[in-house]
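# Observations on the model geometry
One letter stands for each residue in the lines below.
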Amino acid sequence: MSKILIFDSGVGGISIYKAIKEQLPNADYLYLFDNAYFPYGELEPEFLIERVCQLIGYMYEKHKPDLVVIACNSASTLVLPALRQRFPIAFVGVVPAIKPAALQSKKKKIGLLATPGTVSREYTQLLVNDHAQGCEIDMIGTTSLVLQAENKLYGHTVDLDAISNVVSKWQDPDNSPDVVVLGCTHFPLLVNELEEVLGEHIQFIDSGMAIASRVKDILGGGDAVADHGHTGKAFCTKTQAQKKLTLLFNEIGLSQPLYIDV
Ligand code: DGL
């Protein structure tokens, strides 16, 4: 049974975990979120590289995963070279789905909704240069939506006005992109709310299915029948009241998040 570590700053990686688990129901899952340093989209690049390497180093020593998914665009657009250099295991990064968006956009106008970190990365600009030539790219970098997604999964009410304020420039169908890339793993968790405030003139694209297929290819496929008894282990870096979150984790086959002192 392959052991897969999924890593994010918070609950965003759950959108990726679910997509992978659908394709590989019987893998052994570890989910780590770095709530001590959340949100990642606002951290200094050098700090973020060292922090992620430190955490992955800890998990590598203790749990020996076969494959690590960096289920965070803010981190993947920055830290993958350092991780690959330091650890002899397979890494799959989650980065904005610019290429499929460029192929699907009829208007040749694409939106990128991501964190401030991701929209400012050189890596993101290279993705645009390589895969979206001839398209206009309109980027919104936001931490507010990351917080809203996190709140939602912790059981708090989502503030639709706050979401609406962030994406207001896309509300007019005549001036908006027709395809918007959800370039933060937190944002698929808010897709219903985004549809509600933006209407139906926008198609949203995320990286979940593509990442799941990539993981399956690397690990060589999986068993079709799910073993519902198996529970993955979740870990966090800051203790907190987690009743609601624990319930959610249990529902999707993960344990109560265990605090690690890293
Ligand atoms: N979910 C992450 C991403 O994909 C990080 C969000 C944050 O912590 O700012 O970018």
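In case you missed it, the structure is sitting above this.
These lines cover the structure that appears in this document, whether it is placed above or below. Only a predicted model underlies this, so the values are computations on that prediction, with no experimental measurement involved. (Residues numbered from 1 in each chain as written. Predicted model: local features only at pLDDT ≥ 70, side-chain atom pairs only at ≥ 80, totals over all residues. Heavy atoms only, no water.)

## Concerning helix α10 (residues 208-219)
As a reminder, the rule being used: Helix and strand assignments follow DSSP, with helices taken as H or I runs no shorter than four residues and strands as E runs no shorter than two, numbered in order from the N terminus. To estimate the expected span of a helix, subtract one from its residue number and multiply by 1.5 Å. Using a 1.4 Å probe on the protein chains alone, a residue whose accessible area is under 20% of its type maximum counts as buried, one over 50% counts as exposed, and one in between counts as partly exposed. Note: the arc covers the axis-to-C-beta directions of the helix. Pairs of residues are marked as contacts when any of their non-hydrogen atoms sit within 4.5 Å.
For α10, spanning twelve residues, the distance from its first C-alpha to its last is 17 Å, which sits close to the expected 16 Å at 1.5 Å a residue. Burial in α10 covers these residues: Gly 208, Ile 211, Ala 212 and Val 215. Relative to the axis of α10, the buried residues are bounded by an arc of 100 degrees and lie together on one face. Turned more than 90 degrees away from the buried face of α10, the exposed residues are Met 209, Ala 210 and Asp 217. Contacts from the buried residues of α10 go to β1 (3-8), α1 (13-23), β3 (67-70) and β4 (90-93). Downstream of α10 by a residue or two, Gly 220 has a phi angle that is positive, lying close to 80 degrees.

## Here we look at empty space enclosed by the protein
To be explicit about the condition: Only protein atoms enter the 1 Å grid, on which a cavity is a set of points fitting a 1.4 Å probe that cannot get out and a pocket is an open set with protein on both sides within 12 Å along at least 5 of 7 lines, lining residues being those with an atom within 4 Å of a point. Grid points are joined across faces, edges and corners, and a volume is the space filled by probe spheres set on the points. Polarity classes work like this: nonpolar for Ala, Val, Leu, Ile, Met, Phe, Trp, Tyr, Cys and Pro, charged for Asp, Glu, Lys and Arg, and polar for all others, with Gly in that last group.
The final tally for this structure, using the stated rule, is one cavity of 30 Å³ or more. There is about 90 Å³ of room inside the largest cavity. Lining the largest cavity are 17 residues, and of these Ser 9, Ser 74, Thr 115, Val 146 and Cys 184 lie nearest its centre. Looking at the lining of the largest cavity residue by residue, the classes come out as seven nonpolar, nine polar and one charged.

## What to know about the packing of aromatic side chains
Just so we agree on the cut-off: Think of it this way: a Phe, Tyr or Trp ring, Trp meaning its six-membered ring, pairs with another when their centres are within 6.5 Å, and the plane angle makes it stacked under 30 degrees, edge-to-face over 60, tilted otherwise. We count a charge as sitting over a ring when the NZ of a lysine or the CZ of an arginine lies within 6 Å of the ring centre and within 35 degrees of the ring normal.
Applying the stated criterion across every chain yields a total of seven aromatic pairs. Here Phe 7 and Tyr 40 contribute two aromatic rings whose centre-to-centre distance is 6.1 Å and whose plane-to-plane angle is 55 degrees, an arrangement assigned as tilted. Of this pair, Phe 7 sits in strand β1 while Tyr 40 is found in the loop between β2 (28-33) and α2 (45-63), placing the two residues 33 residues apart along the sequence. Considered together, Phe 7 and Tyr 40 belong to a single accessibility category, that of buried residues. When the centroid spacing of 5.2 Å and the interplanar angle of 50 degrees are considered together, the rings of Tyr 37 and Phe 47 count as tilted. With a gap of ten residues between them, Tyr 37 in the loop between β2 and α2 and Phe 47 in helix α2 connect regions that are remote in the sequence. A network of ring pairs unites the aromatic residues Tyr 31, Phe 33 and Phe 249 as a single cluster. Its end group placed over the ring of Tyr 60, Lys 64 keeps NZ or CZ at 4.8 Å from the ring centre.

## Describing the layout of surface pockets
Space inside the largest pocket adds up to approximately 360 Å³. Lining the largest pocket are 23 residues, with Gly 93, Val 95, Ser 207, Ala 210 and Ile 211 positioned closest to its centre. Residue assignment for the lining of the largest pocket shows that the elements contributing at least two residues are α3 (73-86), β4, α4 (98-104), α6 (122-131) and α10. Take the lining of the largest pocket: its biggest share by element is six residues, from α10. Of the residues contributing to the lining of the largest pocket, the split by class is 15 nonpolar, four polar and four charged.

## Observations concerning the sheet that holds strand β8 (residues 203-205)
Put simply, the test is: DSSP-based pairing: two strands are paired if at least 2 bridges between them are found. Angles run from 0 to 180 degrees between N-to-C directions of axes, and those axes are lines fitted to C-alpha atoms, restricted for helices to the stretch in contact.
In space, the four strands of this open sheet follow the order β6-β5-β7-β8, with parallel pairing throughout. Two strands in the sheet have a free side with no partner beyond their single neighbour: β6 (136-141) and β8. Shown here is a sheet whose adjacent strand axes are inclined to one another by a mean of 25 degrees, direction ignored. Relative to β6, strand β5 (residues 109-114) runs parallel, the two being bridged by six bridges. Residue pairing for β6: Lys 109 is matched across the bridge by Glu 136. Across the sheet, helix α9 (residues 191-198) lies against β5, β7 (179-182) and β8, angled at about 155 degrees from β8, the strand it touches most.

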